[in-house]
Amino acid sequence: MLESIIKAYNEAIFDTDRERALQVIHAALEQGVSPEDVVFKIVVPAIEQMVTSISENFDANLAQHFMTAQIAAEVTEEMLARFKSAPESVGRIIIGTAEGDLHSLGKRIVMGCLKAQMIEAVDLGVNVPAERFVDEAVARDAQVIGISAMMVHTARGEGGCRAVRRLLRERGLEKRIMIVVGGAPYRFDPELYRVVGADAWAENGIAAGRVIAGLIGEVRR
Amino acid sequence: MPYLRVRTEAGDRRIPFTPGGTLRELLAGAGFPIRSGCAGVGACGLCLVRIEAGEVPPPTENELRMLRPEQMRRGERLACQVVPARGLTLAIDPAPLCPAWLSLPADAPGPPLPAPAERRAVAGGTSLGVAVDLGTTHIRLTLWDLAQGKRLSGRTGANPQALFGSDVMTRLTAACASREDAAQLARLARDAIGAALSDIAAREGCRLAEIGRVAIVGNSAMLALLAQRNYDLLLKPAYWTRAIDCRPEGTASWCSAWGIDPRAAVELLQPLAGFVGSDLLAGVLATRLTGEPGGALLIDFGTNSEIALWDGATLWVTSAAGGPAFEGCGISCGMPAEPGAIYRIEAQRPAPGFRCEVIGGGRAQGICGSGLVDIIALLRSAGVLNGAGSFSAEVDSRGVAIQEQGGLLLLNGRDIDGFQRAKAAIGAGTRCLMQLSGLHLGQLKRVCVCGAFGRFLHVPNAQSIGLLPEVPAEGVELCGNSALAGCELLLFSRDISGTLAALAGRARTINLAQAPGFEELFVESLYLRPLRMDP
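Student: What exactly am I supposed to notice about the overall build of chain A here?
Tutor: Counting secondary structure elements, chain A contains 11 helices and 5 strands. At 18 Å, chain A has a C-alpha radius of gyration in line with the 17 Å of a compact globule built from 221 residues. The C-alpha extent of chain A, read off along each of the three principal axes, is 55 × 40 × 25 Å. The long-range fraction of contacts in chain A, counting pairs at least 24 apart against all pairs at least 6 apart in sequence, stands at 74%. Carbon and sulfur atoms make up 50% of the accessible area of chain A, which amounts to about 9,600 Å² in all.

Here is the structure:
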């Protein structure tokens, strides 16, 4: 039964048909599929499949990618309220785009994916100064700061990740708070994240979930 | 020392090299600058070379991502990713980026010049003037007899700054990182203007020394880089809606380099704000956008598209950077609207298949922006593409064949995505300005489509996929290069600064990235369907 539901959900996602995707999910619940299975066996694998098809063939399509993450976040939000026991949050991340960068679509896609992977994300929006990243991470007791940068100068620049790293060092927070970065410049130069002082980078929302969970584990160790 | 053997149409050349640099760097150093969209980080896939003999390192991750298997089999590689250790034989096609200046055909008759009595006075012996549209991708200029009000000649060619990257951000970043690069960027643009003028002088025999006036319009980044002034501010969002001073320190040395009258007035027409250049203001003048009751929209299609909406009282302006798809750049089978480009496509009857029209006739070498609009609209109405931009199941991963005979041309999923992004930026920008002005679709009387892309546009197709608002056909005007036409008006104007100041006084500049709801509008506008104009 689950197989045919997964197929129907994936077809709706392929057509970016939000209404139909939600119908499929609601019908599944009525048939007795648990909210947990909806998230972990239907929604998350659908994002994984999307990410794979984007990285493996040439059919990258922003509309599909965005809508998949958006629908995933919406379904997850609804399912969380119905989980039998309160879902265990993996941890918390402060997320925003680097100073000087106003591109936030990528960040929104990643946030949708993180939600489905039980990582709590606090969104600071765009053009976020380094001080604000650090202050909010401390105030909200987050283990990770996520910085998105879509342009070479905001990825490499002095006001972005480099400045956050400097502040963490100055305030003695480097063991408590890790930095993860994402965005096109990091994909084209896989060593760039080290150069700007990040602890890790992630290519997409699914990889981000894994990488961030790993960083949270390091902080808590 | 190993050497590169470079095969070109003009013959072979041997370039000795010391291993360590990328092919792109080695070739650029030897006078073979190669197209690039990303300043050599492996992100754009434009710097293609074909390795014909010799040993090369295996493809990098970026190459595996950018190149299709059949390209690999042909020996194609990205010049910025290959670091050769030994000698190689390679071919570069398309030909390396050396500005070849083509005659610029006169556009459809533009607005009339000011009456002779209204024109700026001409000093004796310097009765020639030049209008320049300094674009990110192309430079276009025209030479005028100022006394007679007569166009003498025109040229168009590639902006050689493309060496640093196809978009303005890469060039600004390069200029900010190194004073030398900033100087080189300015020199490249200056020299290109000089080369175009020399080409006119050599082929048409005019005397450059008689040029007493040069007017230049462009987007803010082009003007700032040319003037070597304030380009750093353009990387800061706070300045995107503020005036940026792009006046050069002096232009006497430019005049002597160009061989024009040493006292010639070289005027860089100042941009309105960080990302709204004087090219847009010139376009507004040329189309007389503000000359009648409200409801007039201007879209200047380019790599950095600009949009203006006149509502009768306020000129709403913005820029919408959606990538270079309209210029045929970044599209696997794309090319600029030049001879050899497919510019119109119709469904063949009986189906299936397409009937293509090629600029200049002859064999098609690629597809330009207007052809792309047609093919996407046709595939969409045939059900081969869905609204989200995905191919139906019967299309394999290579894509759809636009042409099979005389050179296979394929359109793939990534091409569609690139086009959707460019289209979405325009659609969202248009809708944003409409919302801010409070106008609704029914009040939109004119839609002026500007830029080389618009010349061949099939309006119903463009409307069916949401590139243009659905106003009645007679309301859509294909205006061609209105930035150059406006620059020509200003060349004759007695009061350039007054004219521009009057426009600037009514303008409100919007930064789309900060406009509420822009992202939702952008995502909605990715879809291939008519533009939804009313909220």
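Student: Quick question: what am I supposed to make of the nonpolar core here?
Tutor: Side chains of nonpolar character tend, in soluble globular proteins, to be buried together. Counting residues in hydrophobic clusters, the biggest one holds 103 residues, and the most contacted among them are A:Tyr9 and B:Leu468. At 10 residues, helix H10 (residues 413-437) of chain B tops the list of elements feeding residues into this core. When near neighbours in sequence (up to four residues on either side) are disregarded, A:Tyr9 contacts A:Ala21, A:Val24, A:Ile25, A:Ile42, A:Val43, A:Ala46, A:Ile71, A:Ala72 and A:Val75. The next biggest cluster of nonpolar side chains, apart from the first, holds 54 residues, and it includes B:Leu128, B:Val132, B:Ile193 and B:Ala221.

Student: Explain the confidence of the model for chain B to me, please; I cannot follow it from the model alone.
Tutor: Regions with low pLDDT should not have their predicted coordinates read in detail. Residues at a pLDDT of 70 or more form 97% of chain B, whose mean pLDDT is 88. What the predictor reports for the complex is a pTM of 0.84 with an ipTM of 0.82.

Student: What's the story with the domain arrangement of chain B in this structure? I'm lost.
Tutor: Taken as a whole, chain B is organised into domain 1 (3-91), domain 2 (102-271) and domain 3 (288-535). Taking only C-alpha atoms, the centre of domain 1 of chain B and the centre of domain 2 of chain B are 33 Å apart.

Student: Just checking my understanding: could you explain the interface of chain A and chain B for this structure?
Tutor: By a widely used convention, the size of an interface equals the accessible area lost when the partners come together. The interface of chain A with chain B comprises 23 residues on the first partner and 32 residues on the second. Roughly 2,500 Å² is buried in total at the junction of chain A and chain B, and carbon and sulfur atoms are behind 59% of that figure. Counting every contact that joins chain A to chain B gives 2 salt bridges. The tally of links between chain A and chain B comes to 11 residue pairs in polar contact (both at pLDDT 80 or more). At the level of secondary structure, the elements contributing two or more residues to the side of chain A that touches chain B comprise helix H4 (62-80), helix H5 (105-116) and helix H9 (184-188) of chain A. Here the element with the most residues in the side of chain A that touches chain B is H4(A); it accounts for 5 residues. Residue composition of the side of chain A that touches chain B, grouped by class: 11 nonpolar, 7 polar and 5 charged.

Student: Sorry if this is basic, but what is going on with the domain arrangement of chain A here?
Tutor: Residues and elements named next belong to chain A. When cut into domains, chain A gives domain 1 (2-80) and domain 2 (91-220). Between the C-alpha centres of domain 1 and domain 2 there is a distance of 26 Å. Across the contact, 16 residues belong to domain 1 and 11 residues belong to domain 2. For the domain 1 and domain 2 pair, buried surface summed over both sides reaches about 1,300 Å², with 80% attributable to carbon and sulfur atoms. Our count for the contact surface shared by domain 1 and domain 2 stands at 1 salt bridge. For Lys115, the salt bridge goes to Glu77, with nearest N and O atoms at 2.6 Å. Where domain 1 meets domain 2, there are 1 residue pair in polar contact (both at pLDDT 80 or more). Broken down by secondary-structure element, the contributors of at least two residues to the side of domain 1 that touches domain 2 are helix H3 (35-56) and H4.

Student: So what exactly am I meant to see when it comes to the sheet that holds strand S4 (residues 178-182) of chain A here?
Tutor: Strand pairing within a sheet occurs via backbone hydrogen bonds; the two strands may be parallel or antiparallel. Residues and elements named next belong to chain A. Pairing in this open sheet of 5 strands is parallel, and the strands run S2-S1-S3-S4-S5 from one edge to the other. In this open sheet, the two edge strands, each paired with only one partner strand, are strand S2 (119-123) and strand S5 (200-201). Where S4 meets S5, 2 bridges bridge the pair, whose relative direction is parallel. What sits directly across from Val180, in S5, is Ala200. On top of the sheet, helix H8 (residues 161-170) reaches strand S3 (144-148) and S4; it is set at about 175° to S4, its chief contact.

Student: Mind showing me how you'd approach the pattern of salt bridges here?
Tutor: Pairing between side chains of opposite charge can happen when their charged atoms approach one another. Summed over all chains, the structure comprises 44 salt bridges over all chains. Among the ionic pairs, B:Glu519 bridges to A:Arg108, the shortest N-O distance being 2.7 Å. With B:Glu519 in helix H14 (residues 518-526) and A:Arg108 in helix H5, this residue pair bridges two chains. B:Glu519 gets classed as buried once you look at its relative accessible area, which sits at 15%. Put simply, A:Arg165, A:Arg169, A:Glu174 and A:Asp199 are held in one network by salt bridges that share partners.

Student: Explain the sheet that holds strand S15 (residues 341-347) of chain B here, please?
Tutor: Residues and elements named next belong to chain B. Ordered in space as S16-S15-S17, the 3 strands form an open sheet in which the pairing is mixed. Both edges of this open sheet fall to strand S16 (354-358) and strand S17 (366-367), since each of them pairs with a single strand only. Two strands pair when backbone bridges link them, and S15 and S17 are joined in this way by 2 bridges, in the parallel orientation. Bridge pairing links Ala341 to Gly366 in S17. Sheet strands in contact with helix H9 (residues 369-381) are S15, S16 and S17, and its direction is about 25° off that of S15.

Student: So what exactly am I meant to see when it comes to the packing of helix H8 (residues 278-286) of chain B against helix H12 (residues 482-492) of chain B here?
Tutor: The relative placement of two packed helices comes down to the angle between their axes together with the axis-to-axis distance. Residues and elements named next belong to chain B. Relative orientation of the contacting elements H8 and H12 amounts to 80°, with a least axis distance of 7 Å. With respect to H12, the axis of H8 lies roughly perpendicular. Between H8 and H12, the residues in contact are Asp279, Ala282, Gly283, Leu285 and Ala286 and Ser482, Ala483, Ala485, Gly486, Cys487, Leu489 and Leu490, respectively. Tallied by class, the residues present in the contact of H8 with H12 amount to 8 nonpolar, 3 polar and 1 charged.

Student: Where do I start with the side chain of A:Lys107 in this structure?
Tutor: Residue and element names in this part refer to chain A. Checked against the element boundaries, Lys107 lands in helix H5. Given a relative accessible area of 4%, Lys107 falls into the buried group. What Lys107 contacts, discounting residues up to four positions off in sequence, is Ile95, Gly96, Thr97, Asp123, Gly125 and Ser148.

Student: Help me out: how do you make sense of unusual backbone geometry in this one?
Tutor: Backbone phi values are negative for most residues with the exception of glycine, while trans is the configuration of most peptide bonds. All names here are of chain B. The backbone of Gln228 sits at a positive phi, close to 55°, despite the residue not being glycine. Within the fold, Gln228 resides in the loop between helix H6 (220-227) and helix H7 (252-258). Here Gln228 falls in the partly exposed class, since its relative accessible area comes to 39%. For Asn230, which is not glycine, the phi torsion reads 60° and is therefore positive. Mapped onto the secondary structure, Asn230 falls in the loop between H6 and H7. The class of Asn230 is partly exposed, set by a relative accessible area of 24%.

Calculation criteria
- For every chain, the first residue of its written sequence is number 1, and the numbers climb from 1 along that sequence.
- Going through the entries in the order they are written, you letter the chains from A and number the ligands from 1.
- The predicted nature of this model means local features are confined to residues of pLDDT at least 70 and side-chain atom pairs, given and counted, to a pLDDT of 80 or more, with totals for whole chains, interfaces and linings taken over all residues.
- With hydrogens and water set aside, each side-chain value is computed from the structure's full complement of heavy atoms.
- A run of DSSP states H or I qualifies as a helix once it reaches four residues; a run of E qualifies as a strand once it reaches two. Both are numbered from the N-terminal end.
- Using C-alpha atoms as the atom set, the radius of gyration is obtained and then compared with a globule rule of 2.2 Å times the number of residues to the power 0.38.
- The contact criterion used is simple: two residues touch if any of their non-hydrogen atoms lie within 4.5 Å.
- With residues, only the protein chains shown are counted as cover, and all accessible areas are computed by Shrake-Rupley using a 1.4 Å probe.
- Throughout this description, the term nonpolar core refers to a set of buried Ala, Val, Leu, Ile, Met, Phe, Trp, Tyr and Cys residues connected via side-chain atoms within 4.5 Å.
- Residue burial is assigned from relative accessible area. The probe radius is 1.4 Å, only protein chains are included, and a residue is buried under 20% of its type maximum, exposed over 50%, and partly exposed in between.
- pLDDT gives the predictor's per-residue confidence on a scale running from 0 to 100.
- Domain delimitation follows an automatic or database domain assignment.
- Once two parts are brought into contact, the accessible area they lose, counted with a 1.4 Å probe and summed over both, makes up the buried area.
- We define a salt bridge as a side-chain nitrogen of Lys or Arg found within 4 Å of a carboxyl oxygen belonging to Asp or Glu.
- Within 3.5 Å is the distance limit for a polar contact, defined as a pair of N or O atoms, with the added protein rule that one can donate a hydrogen and the other accept it, and that residues adjacent in sequence qualify only through two side-chain atoms.
- Lys, Arg, Asp and Glu make up the charged group, whereas Ala, Val, Leu, Ile, Met, Phe, Trp, Tyr, Cys and Pro make up the nonpolar group; the residues left over, Gly among them, are polar.
- At least two bridges found by DSSP between two strands are what make those strands a pair.
- As a rule, the C-alpha atoms of each element are fitted with a line to give its axis, helices using only the stretch in contact, and angles between N-to-C directions run from 0 to 180 degrees.
- Working rule for angles: under 35 degrees goes down as roughly parallel, over 145 as roughly antiparallel, 65 to 115 as roughly perpendicular, anything else as oblique.

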